Amino acid sequence: VSASDGQSGLNQVRYSWDSNPMGTTCTSGGTTTSNGATLTMPSAGSHTLYLCARDNVGRVTTWSGTYRWDSANPALSANGGNAAWTTTQKKPVVSSSDSQSGLNQVRYHFVNSTTNPFNATCTSGGTGTTSNGATLSAPTGGTRLWLCARDNSGRVTTWNQTYNWESTKPTLSLTNSSTTWFNTN
């Protein structure tokens, strides 16, 4: 809080979160504070701070502003992943949400690696962007799906899972023709 009065002097500073019980005289309601004090938001989410300052001759100045605090990382996952091999293409569906500031971006990448392909802020890397409910198509072979989500406050979650499937039959060949006669077993 920054409050001052260069003439008669500062008499009182009061504040309140989300309602203004201090009235026009700034003599009651809210919580008394002082110049230079640090105020703590009551909880995560969006809150309006109301301030009033009164000088020694009764003049009052009021101020209000909205503050937002996101305390939770985005939720992020996809279904259908496991290390078991199948012959059916795996099509994971992305599940992403953020209950506080909202999602800003979700990125994805299929790669056969346990190394995270995204930068720390989830603003680059990987194949591209996707969204909640999107169906992705795993490429054939052993692969890992990497996802990262960034919310509007910059909080990041990274997730990965294995998706293995194959679409080709095994190959088979012989070095000698089956129509050739042999004199040994």
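Up top is the structure.
Structural notes, computed from the coordinates. No experiment lies behind these values; they were computed from the predicted model shown. (Residues numbered from 1 in each chain as written. Predicted model: local features only at pLDDT ≥ 70, side-chain atom pairs only at ≥ 80, totals over all residues. Heavy atoms only, no water.)

**Let's talk about the environment of E166**
Part 1 of the reasoning: Secondary-structure assignment places E166 in the segment after β11 (156-165).
Part 2 of the reasoning: As for E166 and N116, which are separated by 50 residues in sequence, their C-alpha atoms are 24 Å apart. (Helix = DSSP H or I, 4+ residues; strand = E, 2+ residues; numbered from the N terminus.)

**Some remarks on the environment of S8**
Part 1 of the reasoning: Mapped onto the secondary structure, S8 falls in the segment before β1 (10-17).
Part 2 of the reasoning: When its relative accessible area of 29% is taken as the criterion, S8 is described as partly exposed.
Part 3 of the reasoning: Sequence separation between S8 and N160 is 152 residues, and the spatial gap between their C-alpha atoms is 63 Å.
Part 4 of the reasoning: Ignoring anything within four residues of it in the chain, the contact list for S8 reads D55, N56 and V57. (Buried < 20%, exposed > 50% of the residue type's maximum accessible area, 1.4 Å probe, protein only. Contact = heavy atoms within 4.5 Å.)

**Points about the packing of aromatic side chains**
Each aromatic ring pair is characterised by the separation of its centres together with the angle its planes make.
Part 1 of the reasoning: Here the structure, examined in full by the defined rule, presents two aromatic pairs.
Part 2 of the reasoning: Taking 6.4 Å as the distance between ring centres and 55° as the angle between the ring planes, the aromatic pair formed by W63 and Y67 counts as tilted.
Part 3 of the reasoning: We classify Y67 as partly exposed; its relative accessible area is 36%.
Part 4 of the reasoning: Three or more aromatic residues joined by ring pairs make a cluster, and in this case those are W17, W63 and Y67. (Phe/Tyr/Trp six-rings, centres within 6.5 Å; stacked < 30°, edge-to-face > 60°.)

**Some details on the sheet that holds strand β3 (residues 45-55)**
Part 1 of the reasoning: Strand order across the open sheet formed by four strands is β2-β1-β3-β4, with antiparallel pairing between neighbours. In this open sheet, the two edge strands, each paired with only one partner strand, are β2 (31-33) and β4 (60-69). Across this sheet, the average inter-strand angle for adjacent strands is 30°, counted without regard to direction. (Pairing = 2+ DSSP bridges. Axes fitted to C-alpha atoms, helices over the stretch in contact; angles between N-to-C directions.)

**Describing the nonpolar core**
Part 1 of the reasoning: In this structure, L136, L145, L147 and W159 are the most contacted members of the largest nonpolar core, which totals 14 residues.
Part 2 of the reasoning: Those elements that provide at least two residues to this core are β5 (75-78), β8 (103-111), β10 (141-151) and β11.
Part 3 of the reasoning: Non-local contacts of L145, meaning those with residues more than four positions away in its chain, are made with A78, P92, Y108, H109, F110, L136, W159, N160, Q161 and Y163.
Part 4 of the reasoning: The next biggest cluster of nonpolar side chains, apart from the first, holds six residues, and it includes Y15, L39, M41 and L49. (Core = buried A, V, L, I, M, F, W, Y, C linked by side-chain atoms within 4.5 Å.)

**Quick look at the state of the cysteines**
Part 1 of the reasoning: Within the structure shown, the criterion is met by two disulfides.
Part 2 of the reasoning: Here C26 is linked by a disulfide to C52, with a sulfur-sulfur distance of 2.0 Å. Across the disulfide from C26 to C52, rotation about the S-S bond amounts to roughly 80°, and the bridge is consequently right-handed. Of the two residues, C26 sits in the loop between β1 and β2 while C52 sits in strand β3, which places them 26 residues apart along the sequence.
Part 3 of the reasoning: You can call C26 buried: its relative accessible area is 0%.
Part 4 of the reasoning: Here C52 falls in the buried class, since its relative accessible area comes to 2%.
Part 5 of the reasoning: Here C122 connects covalently by a disulfide to C148, the sulfurs 2.1 Å from one another. Note on the C122 and C148 pair: the S-S dihedral is about 85°, so by sign convention the disulfide is right-handed. A residue pair is termed long-range when its members are at least 10 positions apart, and C122 in the loop between β8 and β9 (128-130) and C148 in strand β10 qualify at 26 residues. (Disulfide = S-S within 2.5 Å.)

**Comments concerning the sheet that holds β11**
Part 1 of the reasoning: Strand order across the open sheet formed by five strands is β6-β11-β10-β8-β9, with mixed pairing between neighbours. Each edge of the open sheet is held by one strand with a lone partner, namely β6 (82-86) and β9. Here the average twist between neighbouring strands, direction ignored, is 30°.
Part 2 of the reasoning: In terms of strand pairing, β8 meets β10 through eight bridges, oriented antiparallel. Paired with L103 across the two strands is D151, which belongs to β10.

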